[in-house]
Amino acid sequence: MNYQKLDAALATALNDTQDPEEPSLAVFIHTEPILDSAATAVLASLGVSGVTSGKDIFTATLSANAIYQLSEQPWVKYLKRSQQLGLVNQSKSLGSFSV
């Protein structure tokens, strides 16, 4: 594993992973902008969708083993954990408070 290509949140999540084969980590994959056919084949084999040459950021839900494989690729710049986002218009109950 090339930990220099991982952000802190992803490295921490990898340490907490129970099953290294289960795709459970949502990540951003930052690559070189021009990918050859071998690189696009690797991404496609790991289940990354929308893989085309010319793109340099991909998103996917990957297993710890897949992240290990990607971190070792010379054309991968870095891997960053994606956070679960909530809807902007969704209201949250804060309870009542008075001033």
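Before reading on, note that the structure itself is shown above.
Residues numbered from 1 in each chain as written. Predicted model: local features only at pLDDT ≥ 70, side-chain atom pairs only at ≥ 80, totals over all residues. Heavy atoms only, no water.

Asker: Could you give me a rundown of the sheet that holds strand E1 (residues 25-31), with the residues and numbers involved?
Answerer: Here we have 3 strands laid out as an open sheet, ordered E2-E1-E3, and antiparallel in their pairing. The open sheet is flanked by strand E2 (57-62) and strand E3 (76-81), the only strands paired with a single partner. Strand-to-strand, the axes of this sheet are offset by a mean angle of 25°, without reference to chain direction. When E1 meets E3, the two strands line up antiparallel, connected through 5 bridges. Considered in E3, the bridge of Phe28 is made with Lys80. (Pairing = 2+ DSSP bridges. Helix = DSSP H or I, 4+ residues; strand = E, 2+ residues; numbered from the N terminus. Axes fitted to C-alpha atoms, helices over the stretch in contact; angles between N-to-C directions.)

Asker: Quick rundown of the side chain of Thr40? Include the residues and the values.
Answerer: Positionally, Thr40 belongs in helix H2 (residues 37-45). The exposure class assigned to Thr40 is buried, which follows from its relative accessible area of 19%. (Buried < 20%, exposed > 50% of the residue type's maximum accessible area, 1.4 Å probe, protein only.)

Asker: Describe the environment of Val42, with residues and values.
Answerer: As for its placement among the helices and strands, Val42 is situated in helix H2. Spatially, the C-alpha atom of Val42 lies 9.2 Å from that of Gln69, the residues being 27 residues apart in sequence.

Asker: Quick one: what's the story with H2, residue by residue and with numbers?
Answerer: Looking only at H2, the buried set comprises Ala39, Thr40 and Leu43. Across the axial projection of H2, the buried residues extend over an arc of 95°, all falling on one side. Exposed side chains of H2 directed beyond 90 degrees from the buried face belong to Ser37 and Ser45. Those residues of H2 that are buried are in contact with E1, E2 and helix H3 (64-71). Two or three places before Ala38, at the start of H2, stands the capping residue Asp36, its side-chain oxygen 3.3 Å from that residue's backbone nitrogen. (Arc of directions from axis to C-beta. Contact = heavy atoms within 4.5 Å. Polar contact = N/O pair within 3.5 Å; in protein donor to acceptor, adjacent residues only side chain to side chain.)

Asker: How would you explain the nonpolar core if you had to name every residue and give the values?
Answerer: Of all hydrophobic cores here, the largest spans 22 residues; its most connected members are Leu10, Ile29, Leu43, Leu62, Ile67, Leu70 and Leu79. Among the elements of the structure, helix H1 (8-15), E1, H2, E2, H3 and E3 are those that each provide at least two residues to this core. Counting residues per element, this core draws most heavily on H3, which supplies 4 residues. The contacts of Ile67, once residues within four sequence positions are left out, are Met1, Leu6, Leu10, Leu14, Leu25, Val27, Leu62 and Leu79. (Core = buried A, V, L, I, M, F, W, Y, C linked by side-chain atoms within 4.5 Å.)

Asker: How would you sum up H1? Please name residues and give values.
Answerer: All of the buried residues in H1 are Leu10, Ala11, Ala13 and Leu14. The buried side chains of H1 occupy one side of the element, clustering within an arc of 165° when seen end-on. Exposed positions of H1 whose direction lies more than 90 degrees from the buried face are Ala8 and Asn15. Each element contacted by the buried residues of H1 is listed here: E1, H3 and E3.

Read these as spatial facts, not as claims about activity.
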